[in-house]
Amino acid sequence: MRTGGGALGASLAFLRLLPRCGVQAACGGASAGRALWSAGRAPWSCRRRSSSGPPWRLLFFGSDQFAVESLKVLEANRSSKKDVVASLEVVTLSDDVPVSKFAEQKCLPVHRWPLGDVDKRFDVGVVVSFGCLLQERLIAKFPHGVLNVHPSLLPRWRGPAPVFHTILHGDAVTGVTIMQIRPHRFDVGPILNQELHQVQERCTAEELANILAVKGAQLLMDTLRTLPQKMADKREQSQTGATIAPKISWSMSWVEWEEQTCEQIDCLYRAIGSKIPLRTTWMGHTVKLLDFVGKCHISLADPSRKSTPGSVSFQKESNVLAVCCKDGWVGFKAVILKKLLTAADFHNGYLHQTLQRHQTPPHQAAGGVFSSRRGGTEAPHGEAALQKDKKN
């Protein structure tokens, strides 16, 4: 008996030397994880049987900073309480995205898309801002499904840019949704959980994304804690009120002075201005509009004369370029025309001199009007023509 007990003790001592779930020696998690997966084997900690409840074995799919917030919360639970997350591994599209960098810092196994076999290795998949559709055969490998954190109140704003379209269209209320992933189409699966959020006045898309990232992470944890019940109570999305949120593009940045109101230009700037500057055309050259100040109240020399949309008026007291739009005036404190110019620099170096040469009122002269026509020459190519015009 003593001999058998000694053998058992030696075996237990050997087992204690094995790494715990989700921990890799010398913080070499990503490399170790890739080596095991490429050899067709899962990390030792992931080969237990599927659980009927938490803590879960999770595989996280993500890319950008929005996704990092959810990954942070999952990792914090895995490394401390472990009441929701038993193990955690990560899938990314490249090594230089925020999710990959965070996972490396926390010694989490990181795997590059597309994946190899994941059969019986995980209980739940979590997708946050990943950008790729998961195939039906991959989704079927997760006994408790694949969840998605989406920053809108689905079915409103399905697609890759819900936060931008929330601001662009002036929505007063938005939120976050936890849905179950389905194959073939983005953002159409049943809803497991939702939380509303009141959009603050003057909020930008960047600010809103940061708020919803935190709310989404907490809602994800709440869902995982009671996932079997949430799955039992899930509801299909209604087709009523479904809208699409396509990616933002440079073409969206052109201001249509005749068509857009002050409020619409305000929403456009707050939606895309931090990533893509608003643009207009002046004398055939593209001008980028910066430092938006909102609606302006200006005094014209002749109040009875109706201003043409696109008309530009320099407000010396506030150092603002005011531009006439469909229902009023909006202001900008800086522009880019080859180089960054303050409103005063643009007025003194370009606008004022052009108007003096033409000797016509600003509302009548082409030199005093921003045009909504697209296709202007991008600086610096247009600068030579401008300098030539100054000499004539």
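Read on for a plain summary of the structure. (Residues numbered from 1 in each chain as written. Predicted model: local features only at pLDDT ≥ 70, side-chain atom pairs only at ≥ 80, totals over all residues. Heavy atoms only, no water.)

1. Re the pairing of strand E13 (residues 339-342)
Sheet analysis places strand E12 (residues 329-337) next to E13, joined by four bridges and oriented antiparallel. When the sheet's bridge partners are listed, leucine 337 is paired in E13 with lysine 339. Between E12 and E13, which follow one another and run antiparallel, lie one residue, and lysine 338 among them has a positive phi close to 70°. (Pairing = 2+ DSSP bridges. Helix = DSSP H or I, 4+ residues; strand = E, 2+ residues; numbered from the N terminus.)

2. Brief notes about the pattern of salt bridges
Scanning the entire structure with this criterion turns up ten salt bridges. In this structure, glutamate 69 engages lysine 72 in a salt bridge whose closest nitrogen and oxygen atoms are separated by 3.6 Å. Here glutamate 69 pairs with lysine 72, and both are found in helix H3 (residues 65-79), just three residues apart, close to one helical turn. What makes lysine 72 partly exposed here is its relative accessible area of 35%. Linking glutamate 75 and arginine 78 is a salt bridge whose minimum nitrogen-to-oxygen distance equals 2.8 Å. Note that glutamate 75 and arginine 78 are positioned in helix H3 at a spacing of three residues, about one turn of the helix. Each of Arg202, Asp266 and Arg270 takes part in a single network of salt bridges with overlapping partners. (Salt bridge = Lys/Arg side-chain N within 4 Å of Asp/Glu carboxyl O. Buried < 20%, exposed > 50% of the residue type's maximum accessible area, 1.4 Å probe, protein only.)

3. Quick word on the environment of threonine 223
Its location among the elements puts threonine 223 in helix H7 (residues 205-225). Here threonine 223 falls in the buried class, since its relative accessible area comes to 0%. Taking C-alpha positions, threonine 223 is 9.9 Å from methionine 179, a pair spaced 44 residues apart along the chain. Among residues more than four places away in sequence, those in contact with threonine 223 are Leu147, Ile178, Leu192, Asn193 and Lys230. Among the polar contacts listed, one links the side chain of threonine 223 to the side chain of asparagine 193, at a separation of 3.1 Å. (Contact = heavy atoms within 4.5 Å. Polar contact = N/O pair within 3.5 Å; in protein donor to acceptor, adjacent residues only side chain to side chain.)

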